[in-house]
Structures are given as C-alpha cells and as structure tokens.
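# Examining the three-dimensional arrangement
Spelled out from the first residue to the last, the chains are:
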Amino acid sequence: MRFLEDQASTFSKASPVDQDLEESGNLFIWVIVILILLGLNIGSWSFCNMVFGHPEHPFSYKLLTKLEKIEPLKGFTKTGVPGGKFLTAKDLYARAYPFKRSQLKAYNGILMRNYLWNFKDRAPATFVSGTFKIEAVRPLTPEDLFQRGIIIMGIADKFPDAKIELILPTAEVIEKADQYQVGEMLEIGKSSMAAVVLHAAKQGDDEPMVFLAVPLITKNADHSNLPFKTPSGQTLILETPQWLNIQ
C-alpha cells in the first residue's frame, strides 16, 4: 500500500507539468493556425489588389472579364468626354522622354488602366492633338490590341522626335486601308476626336518616341456610332470595342 501511495503521489505531482506541456502544445498549434490564416488573408488581399489595381496585365484582365468585374469599354460623345489635358507631340515627348525604363512602364500602366476602367474615379486623361505626316497605314487584325479598324502611323509635323500610332476602331472589319495615303497630313483635332494616349515607347537613343492613341469620341449625341469622314471621302463608322486583346 505504501508503494502504491508513493506512485500515486508521484503521478499527482507530475500532473501540473503534463498539463502545462499540453497547454503549451495547444497554444503553439493556435499560433500556427493564426499565422496561416493571417498569411492567407494577406495573400488574398495582395492578389485582389494586384488583379483590380492592374487590369492592364493580361492575367488580371482575363480574370476580371471572366468574373464580370470590369465594365465593357465604351465610346463617348463630345459632351461626355472625361476631363484631361491636351498635349502636342512635343509636350508628350518632353513629359515621357526623361522617364527611366521602370518609370515609363509605370506611366504606361496608368494610361492603359484609366482607359480600361472607362476613366471612372481615375486620373485625368492625357490627350494628343496636332498635325502628323502619314508614314504608313494598315488594317487591324485579330492579333492586334484593337481587332477591327485601321492604324495610322505618322511623324509629328515640325517635331520629328515624336511619332503617333493612331487607332481608328470600326464596327466592321477593314480589309484594305486605302482611306489614308502615305505622305498626307493627318490632323488630330481636340473636339472632333479626343484622342487619348494609351502607351509611350522609346525605340532608341537616336530614334523618335512613339505614342499610341485612340479616339474617345466614337458616339453621336444619340449614342449611335459616329460616322467619320476620311480625306479620301470614305466614311468609317467608328465603334469602341467592348473588350481588348490585351495578350
């Protein structure tokens, strides 16, 4: 009996230690669980911020369109164009040329992001205006950012350090780009077009900068598609596509 009492006494004395170990183990498990949940929460927040904050990235744009979390692109009337600043090719060049590669990438991200969100609660638009000498014209294809219409490439009049690539998106597929001729002067007006800049590119130290632009004004006052007269007398029915080929 004495032996059993001694053993019972021993076990009873060890019980608080075992209990502390068990509580410590449980606490450690809870800490791990909380850290995992915290990590998942931060990861989820970062992922959502990346997707919604950068729709110009192909993955983000594809996911947002699939989940219907981004509105289709829309054309504007003359009275509905978002606020912004009109710049000449020289002004655009002066703004973008000093940027380093990372800065230019960030700048282009802002330009495209604002466009994809239809300029809702975003920074003011950057528009280009002026006269350009046409160097090339071609129809757009399904592989292009805009898949229907034509793209006009020209160099700024009296400022050869800047070039423009102006996209004219249309309702119909254009098979032959004979609406504009090489050597003609292209006038990008403020009130007739409101051509917003989507991208700026440096081609080299001794090469002109190239600015990609597209008209925001593609709708009549009644919101029907805008007929656009070309120098050749042809009529292009402008239409902003609902979605872009970001890839």
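Here's a quick rundown of the structure.

### Overview of the overall build of the protein chain
Regarding its fold elements, the protein chain presents 5 helices and 10 strands. Within the protein chain, buried positions represent 37% of all 247 residues. Sequence-distant contacts in the protein chain: of pairs separated by 6 or more residues, those separated by 24 or more amount to 64%. Carbon together with sulfur atoms contributes 58% to the accessible area of the protein chain, which is approximately 14900 Å² in total.

### Describing the side chain of T230
Its location among the elements puts T230 in the loop between β9 (227–229) and β10 (235–237). Among the residues examined, T230 registers a relative accessible area of 6% and is labelled buried. Residues in contact with T230, not counting those within four places in the same chain, are Q179, Y180 and L236.

### A look at the layout of surface pockets
A volume near 400 Å³ is recorded for the largest pocket. Around the largest pocket, the lining comprises 19 residues; the ones closest to its centre are E56, N108, G109, M112 and H199. When contributions to the lining of the largest pocket are tallied by element, the ones reaching two or more residues are α4 (101–116), β7 (195–202) and β8 (209–215). A per-element tally of the lining of the largest pocket places α4 first, with 6 residues.

Definitions and limits used
- Residues numbered from 1 in each chain as written.
- Predicted model: local features only at pLDDT ≥ 70, side-chain atom pairs only at ≥ 80, totals over all residues.
- Heavy atoms only, no water.
- Helix = DSSP H or I, 4+ residues; strand = E, 2+ residues; numbered from the N terminus.
- Buried < 20%, exposed > 50% of the residue type's maximum accessible area, 1.4 Å probe, protein only.
- Contact = heavy atoms within 4.5 Å.
- Areas by Shrake-Rupley, 256 points an atom, 1.4 Å probe, with all protein chains shown as cover.
- 1 Å grid on protein atoms, 1.4 Å probe; cavity = no way out; pocket = protein on both sides within 12 Å on 5 of 7 lines; lining within 4 Å.
- Points joined across faces, edges and corners; volume = space filled by probe spheres on them.

Everything listed is a geometric property; what it means functionally is a separate question.
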